[in-house]
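The lines below spell out each chain.
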Amino acid sequence: MQDLAEGVAHFQQDVFPAKAELFARLATTHRPHSLFISCSDARVVPELITQQEPGELFVIRTAGNLVPAHAAAGDGATGTDGVAAGIEYALAVLGVRSIVVCGHSACGAMTALATGQDLAELPAVAGWLRHAAPTGTPHGEVEVLIRNNVAAQLANLATHPAVARALAADAVTLHGWVYDIPSGTVERIDPATGRSAALAA
């Protein structure tokens, strides 16, 4: 906790004054250009990777960067889906023009699936991971599953009504990325084939 408090003090003393004009504008304006769906992993920081300022990304973080497919009432959906609500709000209210689903190297969620880890002691995690791509890969090929999972989550994303409407109106574009932690490189994933290529500026 001390580290966090010291960080806040540094922000208030050194960072905030240098960006005071930006924060004054953000106090009354919230118009991010992109929705960025990434893993909850602490090593993945969307604003740092993309070098975006506060207010430019609307971020949803989930274990394994998973996006459950839309479930209509009566389809077995239970409770409130925070991911679906965030997606709907980003498109219908904020008007984002692009959505990125970003996986990453050494993902714990994908490692658990690819290696067949026993999740009996983690029932909530096991339940959540049912939204991941089917493993369908040779045992242990985590990197393959990471890429396949990004493509699967893009497909799930497209089932959400707000996304389907925006796609039909050519009002949003979907992008799949994989961030490599040790090298800092980012690959884009073709949602149709699952193949990857270097992300071009």
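Everything that follows concerns the structure shown earlier in this document.
Computed from a predicted model, the values in this text were never measured in an experiment. (Residues numbered from 1 in each chain as written. Predicted model: local features only at pLDDT ≥ 70, side-chain atom pairs only at ≥ 80, totals over all residues. Heavy atoms only, no water.)

1. Some points on the packing of helix H4 (residues 82-92) against helix H8 (residues 161-168)
Interhelical geometry of H4 versus H8 gives an angle of 30 degrees and a closest axis separation of 8 Å. With respect to H8, the axis of H4 lies roughly parallel. Where H4 approaches H8, its residues Ile-87, Glu-88 and Leu-91 are matched on the opposing element by Ala-162, Val-163 and Ala-166. Looking at the contact of H4 with H8 residue by residue, the class counts come to five nonpolar, no polar and one charged. (Axes fitted to C-alpha atoms, helices over the stretch in contact; angles between N-to-C directions. Helix = DSSP H or I, 4+ residues; strand = E, 2+ residues; numbered from the N terminus. Parallel < 35°, antiparallel > 145°, perpendicular 65-115°, else oblique. Contact = heavy atoms within 4.5 Å. Nonpolar A, V, L, I, M, F, W, Y, C, P; charged D, E, K, R; others polar.)

2. Examining the sheet that holds strand S4 (residues 173-179)
Ordered in space as S2-S1-S3-S4-S5-S6, the six strands form an open sheet in which the pairing is mixed. Each having just a single partner strand, strand S2 (57-62) and strand S6 (196-198) make up the two edges of the open sheet. On average, adjacent strands in this sheet sit at an angle of 30 degrees to one another, irrespective of strand direction. Relative to S4, strand S3 (residues 98-104) runs parallel, the two sharing seven bridges. Paired with Val-100 across the strands is His-175, a residue of S4. With respect to the sheet, H4 is in contact with strand S1 (34-39), S2 and S3, its orientation differing from that of S2 by roughly 170 degrees. Seen against the sheet, helix H7 (residues 142-157) touches S1, S3, S4, strand S5 (186-189) and S6 and runs at an angle of roughly 160 degrees to S4. (Pairing = 2+ DSSP bridges.)

3. A few points about the side chain of Ser-34
If you trace the backbone, Ser-34 turns up in strand S1. Separated by 2.6 Å, the side chains of Ser-34 and Ser-98 make a polar contact. Not counting the four nearest positions on each side in its chain, Ser-34 is found in contact with Glu-56, Leu-57, Phe-58, Val-96 and Ser-98. (Polar contact = N/O pair within 3.5 Å; in protein donor to acceptor, adjacent residues only side chain to side chain.)

4. Digging into H8
For H8, the set of buried residues is Ala-162, Val-163 and Ala-166. In an axial view of H8, the angular spread of the buried residues amounts to 95 degrees, which keeps them on one side of the axis. Seen from the buried face of H8, the exposed residues on the opposite side, beyond 90 degrees, are Arg-165 and Ala-168. Its buried side turned inward, H8 meets H4, S3, H7 and S4. Positive backbone phi, at 55 degrees, marks Asp-170, one or two positions downstream of H8. (Buried < 20%, exposed > 50% of the residue type's maximum accessible area, 1.4 Å probe, protein only. Arc of directions from axis to C-beta.)

5. Concerning the environment of Leu-94
Assignment of secondary structure puts Leu-94 in the loop between H4 and S3. When the C-alpha positions of Leu-94 and Thr-50 are compared, they lie 20 Å apart, and in sequence the two are 44 residues distant. Setting aside its immediate chain neighbours within four residues, Leu-94 contacts His-30, Arg-31, Pro-32, Phe-58 and Tyr-89.

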